[in-house]
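Listed below, chain by chain, are the residues.
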Amino acid sequence: MTSSSADAQIFSAAWDRAWQDLGLTPATDALPQLLAAHDGPDRHYHGLQHIAECLQWLEQLRPQVAQPAELALALCFHDAIYDPQAKDNELRSAQWAQAVLQSAGAEPDAVLRVDALIMSTCHFLPAQAQLPEDSAWMLDIDLSILGAPAARFAQYQAQIQAEYAWVPAADYALRRQAVLRSFLQRPAIYQTVTMQARLEAQARDNLQQALAVA
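Quick notes on the rules
Residues numbered from 1 in each chain as written. Predicted model: local features only at pLDDT ≥ 70, side-chain atom pairs only at ≥ 80, totals over all residues. Heavy atoms only, no water. Salt bridge = Lys/Arg side-chain N within 4 Å of Asp/Glu carboxyl O. Helix = DSSP H or I, 4+ residues; strand = E, 2+ residues; numbered from the N terminus. Buried < 20%, exposed > 50% of the residue type's maximum accessible area, 1.4 Å probe, protein only. Lys, Arg positive; Asp, Glu negative; His and termini not counted. Polar contact = N/O pair within 3.5 Å; in protein donor to acceptor, adjacent residues only side chain to side chain. Expected span 1.5 Å × (residues − 1). Bend = angle between axes of the 7 residues up to and from the residue. Contact = heavy atoms within 4.5 Å.

Turning our eyes to something else, we now look at the pattern of salt bridges. Using the criterion set out here, one finds 7 salt bridges in the structure. Residue aspartate 21 is joined to arginine 62 by a salt bridge in which the shortest nitrogen-to-oxygen separation is 3.9 Å. A residue pair is termed long-range when its members are at least 10 positions apart, and aspartate 21 in helix 1 (residues 5-22) and arginine 62 in the loop between helix 3 (48-61) and helix 4 (68-77) qualify at 41 residues. Arginine 62 sits in the buried class, given a relative accessible area of 16%. A cluster of three or more residues bridged by salt bridges with shared partners is formed by Arg17, Asp21, Glu59 and Arg62.

On to the side chain of arginine 43, then. Note on placement: arginine 43 falls in the loop between helix 2 (30-38) and helix 3. Despite its burial, arginine 43 pairs with no opposite charge; the closest candidate is aspartate 42, at 4.4 Å N-O. Within the structure, the side chain of arginine 43 is placed 2.8 Å from the backbone oxygen of alanine 80, a separation counted as a polar contact.

This next bit is on helix 10 (residues 193-213). End to end, helix 10 covers 30 Å across 21 residues, agreeing with the expected 30 Å (1.5 Å per residue, within 8%). Along helix 10, the largest kink reaches about 50° and is centred on leucine 199. Within helix 10 the residues assigned to the buried category are Met195, Leu199, Glu200, Ala203, Arg204, Asn206, Leu207 and Ala210. Check the buried side of helix 10 and you find it contacts helix 3, helix 7 (135-142), helix 8 (150-163) and helix 9 (169-184).

Printed below as a string of structure tokens:
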């Protein structure tokens, strides 16, 4: 999927601000490589549009976030590697982030926090995993699409289906229904009070509508 120039500009601006706030300079090829990775032809949802939307949420929430620069970089990297048939996307994306941060001279604790934020988007973390303070923001921002206006949510549904075009239609429908239902069954879809207030009701309405027509 070809991204809009606006999405790329949002990504680039957030990237530059994050590094400036950290007082570090990344390798010059890091940004173009990331933009290219997110703009691949198979990136129907997990591309620059999604990252730009996440980064726009971060800007709104910035005063409440403990380490906004680190969270911005975690958002930029969290889908850097994306293969819907793979099981290690988060790990490989986190490893890429680690390499870029380390080469820029980031403090080890900062590298670990960004790594943990990216890995927090994986559904198979051990229960005892130690997550950084901003992990709830990371997860809520990543799931903000569920509470998007109905038209954007419908577009998202179509984008996800396109990424899983290799799955037989009947199997996809069953698996997708299970995923959507799992969100509805949570006591709360969002972890932070702010995102619950802003998106919970819309997210539940979107999910119910999607299941009704599935």
